[in-house]
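# Working through the structure, step by step
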Amino acid sequence: MAIVVGVRFKKPGKVYYFDPCGHTIELSDTLVVETARGMELGECAQLAAEVSDDEVVPPLRRVVRVATEADIQQVEKNREHERSAYGICQEKIAAHKIEMKLVDVEYAFDNSKIVFYFTANGRVDFRSLVKDLASVFKTRIELRQIGVRDEAKMLGGLGPCGRTICCGTFLGDFQPVSIKMAKEQSLSLNPTKISGLCGRLMCCLKYEQDVYEEARRKLPRVGKEVITPDGRGHVIEVNVLKETVKVRIVVRDTAEVKEFAGADITRVAEPARQRKETPTAEENTDLLDDIALDDDLFAE
């Protein structure tokens, strides 16, 4: 077991564990921590607590101190430098005629490095751009290519629901989303209706997927034969949210469609599939003869 404190570097970002090193830390305190990128400023998102060693990614880095007024002022200056660096980088990209879109600029807390985030279609040769930027800023330059989901998370915006997008407010990690989820939730497969600002499938399709899967396991599939209070029939429609099914029942040569609750119907057990045995040598010979006969017929 290890005593750790959770630190978040961006509001909708992931929480990382650090060794509190005996510091008295309150929730939402601004902390100076030691990271692989150097000293960084983050916010306490989780108070000191014991966690298992499996949850800690070694090496466990330490909290240097609770941020002072001077540390906060340094971050504010970095934010101003980031805005000016963004404009300079845009001009350099246009001058070098590189097919890339600058998304964000981030200064390291100790000004030891500047990270430029960009999107592009495929790989980009930006070596000349890095040299040009290094000659201007006189520090280490890093260009990092990100995906369209990360771009939306950085820029923010409003989703189709009218609220701020999830990845820009509370979603720390992106969950895998597939078109199968939209089908199981009976949503329109129109890309404009199930895609977010990033152009990918909306992350919120994942939220209710477990509920839909559990409900679908309780209901028969379309086309299956079931027993209802009014007799046998075949399922023609399933409403997962209401947990009801519409069944086509034939009564005296007249077809009727009735709706039943999932708990009121019984599935008809399907007959066990017969195992296909491996043909014997004699059967194989007969089969080859039949194939040869068919070939002769086609040849005529």
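The present account deals with the structure reproduced in this document. Quantities reported herein were computed from a predicted structural model and do not represent experimental measurements.

## Description of the pattern of salt bridges
Scanning the entire structure with this criterion turns up 16 salt bridges. In this structure, the salt-bridge partner of Glu-82 is Arg-79, at a minimum N-O distance of 3.2 Å. One end of the pair, Glu-82, and the other, Arg-79, are both in helix H1 (residues 69-96), 3 residues apart, so they sit about a helical turn from each other. Classification of Glu-82 by relative accessible area gives buried; the value is 11%. Here Lys-242 makes a salt bridge to Glu-259, at a shortest N to O gap of 3.7 Å. One end of the pair, Lys-242, is in the loop between strand S10 (231-239) and strand S11 (244-251); the other, Glu-259, is in strand S12 (residues 254-261), and 17 residues separate them in sequence. Salt bridges sharing partners connect three or more residues here, namely Lys-113, Glu-142 and Arg-144.

## Some details on the pairing of S12
In this sheet, S12 lies alongside S11 in antiparallel orientation, the contact comprising 8 bridges. Bridge pairing links Val-251 to Thr-254 in S12. If you look at the hairpin formed by S11 and S12, you'll find 2 residues sitting between the two strands, and Arg-252 has a positive phi there, around 55°.

## With respect to the environment of Val-15
Along the chain, Val-15 falls in strand S2 (residues 15-18). On the basis of relative accessibility, which here comes to 29%, the residue Val-15 falls in the partly exposed class. Sequence separation between Val-15 and Gln-46 is 31 residues; the distance between their C-alpha atoms is 8.2 Å.

## Brief notes about H1
If you check H1, its first and last C-alpha atoms are 40 Å apart, about what 28 residues at 1.5 Å a residue would give, namely 40 Å. For H1, the full list of buried residues reads Asp-71, Val-75, Asn-78, Glu-82, Ala-85, Cys-89 and Ile-93. Structurally, H1 contributes buried residues whose contacts are with strand S3 (30-35), strand S4 (38-51), strand S5 (63-66), strand S6 (101-107), strand S7 (113-119) and helix H2 (127-137). Directly after H1, the chain includes Lys-97, whose backbone phi takes a positive value near 55°.

So, how was this worked out
Residues numbered from 1 in each chain as written. Predicted model: local features only at pLDDT ≥ 70, side-chain atom pairs only at ≥ 80, totals over all residues. Heavy atoms only, no water. Salt bridge = Lys/Arg side-chain N within 4 Å of Asp/Glu carboxyl O. Helix = DSSP H or I, 4+ residues; strand = E, 2+ residues; numbered from the N terminus. Buried < 20%, exposed > 50% of the residue type's maximum accessible area, 1.4 Å probe, protein only. Pairing = 2+ DSSP bridges. Expected span 1.5 Å × (residues − 1). Contact = heavy atoms within 4.5 Å.

Nothing here speaks to function; it is geometry throughout.
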